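Here is what each chain is made of, one letter per residue.
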Amino acid sequence: MSTSVFPDSVIIVGAGIFGLSTALAIADRHPSTKVTIIDRATPPVEDGTSVDTTRCIRADYADPIYAKLAEEAQLKIEQDPDLSKYYFKQGMSFVTDGEAGPMLAIWSKGLVNIQRTGKRTDLVEMPDPESVFQFIHGKDSKLVPPGRLTGKRKWNRGYCNLNDAFIDARESIRVVYERCLAKSSLSFQTGTAVQKVLVEHGSAKGVLLEDGRQFHADLTLIAAGAWSNMLVYLEGMTKSSAIEVAWLKLTPEEIHRWKSMSITTNLSTGFNIFPPHNGEIKCLRRSAGLQYRARKSRIRGDFIPLGAEVALRDNLREIMPELADRPFDRTKLCWLSQTRSADFIIAPHPSIQGLHVATGGSAHSWKFLPIIGGYVVDSVLGILDNTLAAKWAWADKGPDGGSSPRIGGAAQELAQVVRSRL
Ligand SMILES: Cc1cc2nc3c(=O)[nH]c(=O)nc-3n(C[C@H](O)[C@H](O)[C@H](O)COP(=O)(O)OP(=O)(O)OC[C@H]3O[C@@H](n4cnc5c(N)ncnc54)[C@H](O)[C@@H]3O)c2cc1C
């Protein structure tokens, strides 16, 4: 229902990209609205999905709606005097094993898309394994011989979009948090988790914290990422799952050697590696992920499953052989709120008045940090563009894959695969 009056008071649960971006948008557009942002930790929240060493910033979506939004957001980051300090435009390479299947189709579509819409100078094509390898290691470098690989070669054809970039996600969140602190209409309550949303006669009245304190507001916005569905029943629209991430320390010579490489991802294996940043390299795999149903047994530590380590090392052996057997400096399970189509949920609750959600960021929402909050405000006002309102509606999202493809299969149960040490 459309309403042109913005609430006088708002509680935002969650200080990730959705929560902070929305807080700033409210402060800019409705400065008389008092906003309380509540998070279980002080931003940048280390185990929140938005905080990490790096995130990709790119606009080469096959979906024209996300492509347009991402282009707008990327430009804002580039023009932002503070965020641009943490932004590195070194391109992103997309590689495939060339085997027929859905991932090859996604890869080919991506290539055609950039050939059609991008500038020719932004595109570097790599038609064979040598050119893929040499794009990282230089013209004279030699492929790893087949006998040293586990199975068939998988880094066979690729292209790089030089317009893509990466950003220091932790420092950027710090910038945005500090901007929020400077706004007199915004205040933070951090250190204690929200236990539940307070609902009376079908209307949300605010939240109850785990320490018993209550906060009341006209509007409660749940932007709690992978934990949103513990506060609001999301009817199966999102799944919380974790992606395995690992960091390796580099020598000064390696930092120098690889400093200009692109973000490099293999759509067939799900492997993704970032250029050196702060003396280390990060790699991850876009797997079907891990889930956590066994609530009673607490999982300790952030050690990735053996299968994930093997998969990461197999990829390293082929594409970054020097790193294949190097111990990981640290690993992390990065939790995210995933919808089937990877479309977000930015919508009013269908039956509880005064309750809104902004979640389901899947593995691609970070890049929209500079603009997403404006759309959340539009949604609250009931003036969100019809196409976006339909895309981000409170509705089951399908089909699978969408704008953030992962390799197939079902998520594994964490308790069965996680290790207590590496
Ligand atoms: C490994 C990985 C790689 C990714 N790569 C990219 C990329 O390259 N580019 C890109 O654009 N996107 C990427 N994404 C996606 C992007 O990072 C996420 O979609 C986005 O950060 C989600 O933000 P959020 O605000 O929903 O969640 P979060 O950042 O997790 O914020 C939610 C906040 O809610 C708080 N919270 C939760 N429960 C409670 C509670 N009960 N009480 C109080 N506070 C609570 C948490 O502490 C947290 O701070 C990636 C995601 C992952 C996991």
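Just above, that's the structure.
Numbering of residues starts from 1 in each chain and follows the order in which that chain's sequence is written. Only residues with pLDDT of at least 70 get local features here, since the model is predicted, and only at 80 or more are side-chain atom pairs given and counted; chain-wide, interface and lining totals rely on the full set of residues. The basis for every side-chain value is the complete set of heavy atoms in the structure, and neither hydrogens nor water enter the calculation.

Undergrad: Before we move on, could you go through the overall build of the chain and cite the residues and values that matter?
TA: The secondary structure content of the chain amounts to ten helices and 21 strands. Computation of the radius of gyration draws on C-alpha atoms, with the globule rule given as 2.2 Å multiplied by the number of residues to the power 0.38. The C-alpha atoms of the chain give 22 Å as radius of gyration, which agrees with the globular expectation for 422 residues (22 Å, within 12%). Each of the three principal axes of the chain carries a C-alpha extent, and together these read 70 × 50 × 40 Å. A sequence separation of at least 24 residues applies to 78% of the contacts in the chain between residues at least 6 apart. Per-residue accessibility takes into account occlusion by the displayed protein chains alone, with areas from the Shrake-Rupley method and a 1.4 Å probe. Surface summary for the chain: the accessible area is close to 18,600 Å², and the carbon and sulfur share equals 52%. In this tally, Asp and Glu contribute negative charge and Lys and Arg positive charge; neither His nor the terminal groups of the chain are included. A charged residue contributes its charge at one atom only: NZ of Lys, CZ of Arg, CG of Asp or CD of Glu. Within the chain, the 46 negative side-chain charges are centred at a point lying 3 Å from the centre of the 51 positive side-chain charges. By the criteria applied, helices consist of DSSP H or I runs no shorter than four residues and strands consist of E runs no shorter than two, each listed in order from the N terminus. We call two residues contacting when some pair of their heavy atoms lies within 4.5 Å.

Undergrad: Report on the site of the ligand, specifying residues and quantitative values.
TA: Residue proximity to a molecule or strand is established when one non-hydrogen atom of the residue lies within 4 Å of it. Inspection of the region around the ligand gives 33 residues, with D39, S50, C56, V194 and S365 positioned closest. Pairing of N or O atoms within 3.5 Å defines a polar contact, subject to two protein rules: one partner must be a possible hydrogen donor and the other a possible acceptor, and residues neighboring in sequence count only if both atoms are side-chain atoms. C56 places a polar main-chain atom, nitrogen or oxygen, 2.7 Å from an oxygen atom of the ligand. Taking V194, its main chain carries an N or O atom lying 2.7 Å from a nitrogen atom of the ligand. When isolated, the ligand has an accessible area of 1,000 Å², and the protein chains bury 97% of it. Contributing elements (two or more residues each) for the shell around the ligand: α1 (17-29), β2 (34-39), β3 (55-57) and β18 (330-339).

Undergrad: I'd love a proper account of the pairing of strand β10 (residues 194-200), names of residues and values included.
TA: With six bridges joining them, β10 and strand β11 (residues 203-209) adopt antiparallel strand pairing. Residue pairing across strands places V194 opposite L209, the latter belonging to β11. DSSP bridges decide pairing: two strands pair if at least two such bridges lie between them. In this structure, the hairpin formed by β10 and β11 is closed by a connection of two residues, where H201 is found at a positive phi of approximately 45°.

Undergrad: So what about the sheet that holds strand β1 (residues 9-13)? Which residues, and what values?
TA: If you trace the six strands from one edge of the open sheet to the other, you get β9-β2-β1-β13-β20-β19, paired in mixed fashion. Of all strands in the sheet, those with a lone pairing partner are β9 (186-190) and β19 (345-348), marking the two edges. Averaged over all neighbouring strand pairs, the angle between strand axes comes to 15°, with direction disregarded. For β1 and β2, the ladder comprises five bridges, and the chain directions are parallel. The partner of V10 across the bridge, within β2, is V35. Between the N-to-C directions of two axes lies an angle of 0 to 180 degrees, each axis being a line fitted to C-alpha atoms and, for a helix, fitted only over the stretch in contact. Across the sheet, helix α8 (residues 369-381) touches β13 (219-222), β19 and β20 (355-359), and the angle it forms with β19 is around 25°.

Undergrad: Describe the nonpolar core, listing the residues and the values that go with them.
TA: Within soluble globular proteins, side chains that are nonpolar tend to cluster in buried spots. We call a set of buried Ala, Val, Leu, Ile, Met, Phe, Trp, Tyr and Cys residues a nonpolar core when their side-chain atoms join them within 4.5 Å. Note on classification: 1.4 Å probe, protein chains only; a residue is buried when its accessible area is under 20% of the maximum for its type, exposed when over 50%, partly exposed between these limits. Ranked by internal contacts, the top residues of the largest apolar core, which has 55 residues, are I12, F368 and W392. Once you skip the residues sitting within four places of it in the chain, I12 turns out to touch G19, T22, A23, I26, V35, T36, I37, I38, L221 and A223. Ranked by size, the runner-up nonpolar core spans 32 residues in total, among them W155, A226, F271 and F328.

Undergrad: Tell me about the pattern of salt bridges, and please be specific about residues and values.
TA: The working definition used for a salt bridge is a side-chain nitrogen of Lys or Arg within 4 Å of a carboxyl oxygen of Asp or Glu. Applying the stated criterion to the full structure yields 27 salt bridges. Close ionic contact of D52 with K282 constitutes a salt bridge, the shortest N to O distance being 2.9 Å. Remark: K282 occurs in strand β17 (residues 280-291) and D52 occurs in the loop between β2 and β3; sequence separation between them is 230 residues. Pair check on accessibility: D52 and K282 agree, each one buried. Across the pair R326 and E254 runs a salt bridge, and its minimum N-O distance is 2.7 Å. With R326 in the loop between α7 (306-319) and β18 and E254 in helix α6 (residues 252-258), this pair connects stretches of sequence that are 72 residues apart. Taking the relative accessible area as the measure of exposure, E254 reaches 5% and is therefore buried.

Undergrad: Please give an account of the environment of E413 that cites residues and values.
TA: By secondary structure assignment, the location of E413 is in strand β21 (residues 412-413). The class for E413 is buried, based on a relative accessible area of 14%. Along the primary structure E413 and L290 are separated by 123 residues, whereas in three dimensions their C-alpha atoms are 5.8 Å apart.

Undergrad: Describe the side chain of Q74, naming the residues involved and giving the relevant values.
TA: Its location among the elements puts Q74 in helix α2 (residues 64-79). For Q74, a relative accessible area of 5% translates into the label buried. Setting aside residues up to four positions removed in sequence, Q74 forms contacts with I57, R58, A59, Y87, K89, N163, D164 and A165.

Undergrad: Describe the pairing of strand β7 (residues 157-161), listing the residues and the values that go with them.
TA: Two faces, one strand: in a regular strand the side chains alternate between the faces of the sheet. In terms of residue burial, β7 counts as a mostly covered element, since four of its five residues are buried. Note that strand β5 (residues 92-96) and β7 share five bridges and pair antiparallel. The residue of β7 that forms the bridge with V95 is G158.

Undergrad: Before we move on, could you go through unusual backbone geometry and cite the residues and values that matter?
TA: Between P43 and the following residue, P44, the backbone shows a cis peptide bond with an omega angle of -5°. As for its placement among the helices and strands, P44 is situated in the loop between β2 and β3. We note that E235 has phi near 55°; this positive angle belongs to a residue other than glycine. With respect to the helices and strands, E235 occurs in the loop between β13 and β14 (238-249). The phi dihedral of A342 falls on the positive side, at around 70°, and the residue is not glycine. Looking at where A342 falls in the secondary structure, it is placed in the loop between β18 and β19.

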